[in-house]
Amino acid sequence: ADLRHEVAHALMHGAGCRIPLWLDEGLAEYFESCELPAGRHAGHVQKLAAARQEGWKPSLQRLESIIDLWQMKPADYR
């Protein structure tokens with residue numbers, strides 16, 4: 001899983017992609033498991049659904065302002 005995660009980073013960066021950190025990490029996490037049913041990370045989907053029921057809404061403005069990994073919260077990876 002770690003190798004797949006890091007390879008995803010390497011492929012995106014090697015292709016010259018300049019994407020926001022939250023999206024870079026989210027995509028790398030998405031591709032780290034080769035056993036995802038229907039291309040979904042079941043744990044993330046469940047946590048996102050629960051957060052939505054509690055009123056959570058993503059803030060793209062906050063996500064776009066993240067410049068360092070330590071600023072990211074677990075929900076930001078989902």
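Residues numbered from 1 in each chain as written. Predicted model: local features only at pLDDT ≥ 70, side-chain atom pairs only at ≥ 80, totals over all residues. Heavy atoms only, no water.

Novice: Talk me through the layout of surface pockets; I want residue IDs and the actual numbers.
Specialist: By volume, the largest pocket amounts to about 170 Å³. Lining the largest pocket are 13 residues, with W22, L63, A75, D76 and R78 positioned closest to its centre. Elements with a contribution of two residues or more to the lining of the largest pocket: α2 (21-31), α4 (60-65) and α5 (74-77). Broken down by element, the residue count for the lining of the largest pocket peaks at four residues, all from α2. Split into classes, the residues belonging to the lining of the largest pocket amount to ten nonpolar, one polar and two charged. (1 Å grid on protein atoms, 1.4 Å probe; cavity = no way out; pocket = protein on both sides within 12 Å on 5 of 7 lines; lining within 4 Å. Points joined across faces, edges and corners; volume = space filled by probe spheres on them. Helix = DSSP H or I, 4+ residues; strand = E, 2+ residues; numbered from the N terminus. Nonpolar A, V, L, I, M, F, W, Y, C, P; charged D, E, K, R; others polar.)

Novice: Quick one: what's the story with the nonpolar core, residue by residue and with numbers?
Specialist: Ranked by size, the top nonpolar core spans five residues in total: L21, W22, L63, I66 and M72. Apart from the residues lying within four places of it in its own chain, the contact partners of L21 are I66, I67, D68, L69 and M72. (Core = buried A, V, L, I, M, F, W, Y, C linked by side-chain atoms within 4.5 Å. Buried < 20%, exposed > 50% of the residue type's maximum accessible area, 1.4 Å probe, protein only. Contact = heavy atoms within 4.5 Å.)

That's the geometry; what it means functionally is another story.
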